[in-house]
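One-letter residues, chain by chain:
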Amino acid sequence: PRQSRYYGDCIECMACSDNVVRAGLTPKFKDTHVLCNMLTYNDGPVELVHGNPVGKFVQEFLPPPEVDEFRLERCQLPPGSACSLKAVDGVSILVVIQGSGTIEESTADRGSAGIVHEVAVGTVQLVCA
């Protein structure tokens, strides 16, 4: 709550917000005074969030109920396997952090196959609604 955070290797999803205080990693405005005043340097155990299974290889991580701007799904596929991700009302971002493979677009109304994309570590794919 109203504190800066660092968790190590992670994905952080943020709702629409105007409360970003930059630390100088970009050429944008840096408010060093505010940044130094808000840091607590408290450490301790981190509360890990465990996803809920929504498919054979997919877990869903939901934010608190008052935040409806995003949700996160984690898909871990063993080699040679496949899964389908359900369509959402909005834009999605696919980030490949391990392995490689293909993704295939399909149209929900027709169920037909579409374009096939090769993906590998580092691929970031914008998926339109």
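Everything here concerns the structure above.
In this report, we go over the structure that sits alongside the text. Source: prediction; values computed, not measured.

Quick notes on the overall build of the protein chain
Right, on to step 1. Counting its regular elements, the protein chain contains one helix and seven strands.
Right, on to step 2. Seen in sequence order, the protein chain has helices and strands lined up from the N terminus as α-β-β-β-β-β-β-β.
Right, on to step 3. Counting over 129 residues, the protein chain shows a buried share of 9%.
Right, on to step 4. Long-range pairs, those at least 24 residues apart, make up 32% of the contacts in the protein chain between residues at least 6 apart in sequence.
Right, on to step 5. As displayed, the protein chain has an accessible area near 11,200 Å², and 54% of this comes from carbon and sulfur atoms.

Quick word on a nonpolar patch on the surface
Right, on to step 1. Residues V91, I93, V95, I97, V124 and L126 make up a contiguous nonpolar surface patch of about 640 Å² in total accessible area.
Right, on to step 2. At the level of secondary structure, the elements contributing two or more residues to the nonpolar patch comprise β4 (92–95) and β7 (124–127).
Right, on to step 3. For I97, the position within the fold is in the loop between β4 and β5 (100–106).

Describing the sheet that holds strand β3 (residues 72–75)
Right, on to step 1. A sheet is described by the order of its strands in space; here three strands give the open sequence β1-β2-β3, paired in antiparallel fashion. Two strands close off the open sheet at either side, each with one partner strand: β1 (52–53) and β3.
Right, on to step 2. Bridge count for strand β2 (residues 58–61) against β3 is four bridges, and the pairing is antiparallel. If you follow F61 over to β3, its bridge partner there is L72.

Focus: the side chain of Q125
Right, on to step 1. Examined against the element boundaries, Q125 turns out to sit in strand β7.
Right, on to step 2. When residues no more than four places from it in sequence are discounted, the contact partners of Q125 are S92, I93, L94, I103 and H117.

Notes on the environment of S81
Right, on to step 1. In this fold, S81 is placed in the loop between β3 and β4.
Right, on to step 2. A sequence separation of 24 residues divides S81 from F57, and the C-alpha atoms of the two residues are 9.3 Å apart.
Right, on to step 3. Within the structure, S81 has its side chain in polar contact with the backbone oxygen of P78 (distance 2.5 Å).

Observations regarding the side chain of T123
Right, on to step 1. Examined against the element boundaries, T123 turns out to sit in the loop between β6 (113–120) and β7.
Right, on to step 2. When its relative accessible area of 19% is taken as the criterion, T123 is described as buried.
Right, on to step 3. A polar contact is formed between the side chain of T123 and the backbone oxygen of A120, at a distance of 2.7 Å.
Right, on to step 4. Look past the residues within four positions of T123 in its chain and what remains in contact with it is L94, V95 and V96.

Points about the environment of Q98
Right, on to step 1. When you line up the elements, Q98 lands in the loop between β4 and β5.
Right, on to step 2. Residue Q98 is classed as exposed on the basis of its relative accessible area, which comes to 70%.
Right, on to step 3. Residues Q98 and Q76, spaced 22 residues apart in sequence, show a C-alpha to C-alpha distance of 9.1 Å.

Remarks on the environment of I115
Right, on to step 1. The residue I115 is located in strand β6 in this model.
Right, on to step 2. On the basis of relative accessible area, I115 is assigned to the exposed category, the value being 51%.
Right, on to step 3. Those residues in contact with I115 that lie beyond four places of it in its chain are I103, E104 and E105.

What counts, and at which threshold
- Residues numbered from 1 in each chain as written.
- Predicted model: local features only at pLDDT ≥ 70, side-chain atom pairs only at ≥ 80, totals over all residues.
- Heavy atoms only, no water.
- Helix = DSSP H or I, 4+ residues; strand = E, 2+ residues; numbered from the N terminus.
- Buried < 20%, exposed > 50% of the residue type's maximum accessible area, 1.4 Å probe, protein only.
- Contact = heavy atoms within 4.5 Å.
- Areas by Shrake-Rupley, 256 points an atom, 1.4 Å probe, with all protein chains shown as cover.
- Patch = residues over 30% accessible without salt bridge, like charges linked within 9 Å, V, L, I, M, F, W, Y side chains within 5 Å.
- Salt bridge = Lys/Arg side-chain N within 4 Å of Asp/Glu carboxyl O.
- Pairing = 2+ DSSP bridges.
- Polar contact = N/O pair within 3.5 Å; in protein donor to acceptor, adjacent residues only side chain to side chain.

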